[in-house]
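Structural overview
Residue strings, one per chain:
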Amino acid sequence: MSLLWGAGSPPCWRVMITLEEKKLQGYKHKLLSFEKEEHKSQEVLEINPRGQLPAFKHGDNIINESTGACLYLENQFKSQGNKLIPDSPAEQALMYQRMMEGLTLIEKLNLVVFYDLVAPEGERHDSAEKRNKENLVAELQLWESYLGNVAAGSYLAGAFSLADVVVFPNIAYAFHYGLSAERYPKMAKYYSLLKDRPSIKTTWPSQWYQIAQRSETLKDL
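Just so we're clear, the structure is a prediction, and the values are computed from it rather than from any experiment. (Residues numbered from 1 in each chain as written. Predicted model: local features only at pLDDT ≥ 70, side-chain atom pairs only at ≥ 80, totals over all residues. Heavy atoms only, no water.)

A few points about the packing of helix H6 (residues 126–148) against helix H8 (residues 185–194)
Describing two packed helices takes the angle between their axes plus the distance from one axis to the other. Counted only if it meets this: Every axis corresponds to a line fitted to the C-alpha atoms, with the helix fit spanning only the stretch in contact, and the corresponding angles, defined between N-to-C directions, vary from 0 to 180 degrees. Helix and strand definitions here come from DSSP, where helices need a minimum of 4 consecutive H or I residues and strands a minimum of 2 consecutive E residues; each element is numbered from the N-terminal end. Each crossing gets its hand from how the near helix is turned against the far one by less than a right angle, where anticlockwise is left-handed and clockwise is right-handed. Throughout, a residue-residue contact means that at least one pair of heavy atoms, one from each residue, lies within 4.5 Å. The residue classification treats Ala, Val, Leu, Ile, Met, Phe, Trp, Tyr, Cys and Pro as nonpolar and Asp, Glu, Lys and Arg as charged. All others, Gly included, are polar.
The N-to-C vectors of H6 and H8 enclose an angle of 65 degrees; their axes lie 8 Å apart at closest approach. Relative to H8, H6 is oriented so that their crossing is left-handed. Residues Leu140, Trp143, Glu144, Leu147 and Gly148 of H6 pack against Pro185, Lys186, Met187 and Tyr190 of H8. Partitioned by chemical class, the residues of the contact of H6 with H8 number 6 nonpolar, 1 polar and 2 charged.

A short note on the environment of Glu21
Test applied: Exposure categories follow from relative accessible area, calculated using a 1.4 Å probe and restricted to protein chains: below 20% of the type maximum is buried, above 50% is exposed, and the middle band is partly exposed. Polar contact is defined as a pair of N or O atoms within 3.5 Å, subject to the rule that within protein one atom must be able to donate a hydrogen and the other to accept it, and that residues adjacent in sequence are counted only when both atoms are side-chain atoms.
Within the secondary structure, Glu21 sits in helix H1 (residues 10–21). For Glu21, a relative accessible area of 2% puts it in the buried group. For Glu21, the residues in contact, after removing those within four places along its chain, are Gly81, Asn82, Leu84, Phe160, Arg197 and Ser199. In terms of polar contacts, Glu21 uses its side chain to reach the side chain of Arg197, at 2.7 Å.

Some words on the nonpolar core
Here is the rule: Each nonpolar core is a collection of buried residues, namely Ala, Val, Leu, Ile, Met, Phe, Trp, Tyr and Cys, held together in the definition by side-chain atoms within 4.5 Å.
If you look at the biggest cluster of nonpolar residues, it comprises 65 residues, and the most contacted ones within it are Leu162, Phe168, Ile171, Met187 and Leu218. When residues of this core are traced back to their parent elements, those giving at least two are strand S1 (2–6), H1, strand S3 (55–58), helix H3 (66–76), helix H4 (89–113), H6, helix H7 (162–176) and H8. Each residue touching Leu162, except ones within four places of it in the same chain, is listed here: Thr18, Cys70, Leu71, Glu74, Leu84, Ile85, Met95 and Met99.

Below is the structure:
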């Protein structure tokens with residue numbers, strides 16, 4: 001197995017959490033710099049022609065879409081490590097629903113956090129920035145309501161599952177960029193429940209420990 005990844009990227013992080021949960025430590029990996037545009041290097045393009053991270057290989061099998069890689073690893077190593085897809089049809093349905101909704105959450109987060117990068121200078125508008133923030137607030141409130149229905153000490157779909165693998169990095173990312181724990185207490189409680197889980201703590205983005213670099217982009221939402 002080999003993984004090309006970028007620090008602080010929720011898609012990369014979710015693959016790394018899955019590898020830890022499935023007891024697949026010891027895989028080859030290489031940290032690349034987004035700032036230096038190493039994700040556009042030939043090394044990455046040979047595996048992922050989109051020039052995005054993660055770029056993941058297992059033998060001759062290439063799975064670069066992070067959610068697909070998580071599903072692949074769980075299905076290939078079902079009997080190893082922790083089970084990440086529940087057996088109960090109801091829990092499985094909820095897991096897949098929250099897992100896929102997690103992709104919408106990170107998309108709306110990125111439109112706010114990286115607006116200046118997503119929109120070229122001549123195409124930036126206050127109205128678009130305002131709309132992106134309003135859309136993100138609605139999304140965060142939806143997750144706050146979802147987490148309000150989760151039993152104490154439980155996870156998004158009962159036991160810890162791929163729903164948490166996909167969604168937790170997005171929520172951690174939001175708090176890293178200044179999201180208010182006071183305004184989103186259910187999300188903050190979920191964050192606290194999971195942040196010290198071994199698979200998450202081991203793979204935590206190292207630069208996030210540098211509080212001086214913490215952004216306040218989301219503090220007023």
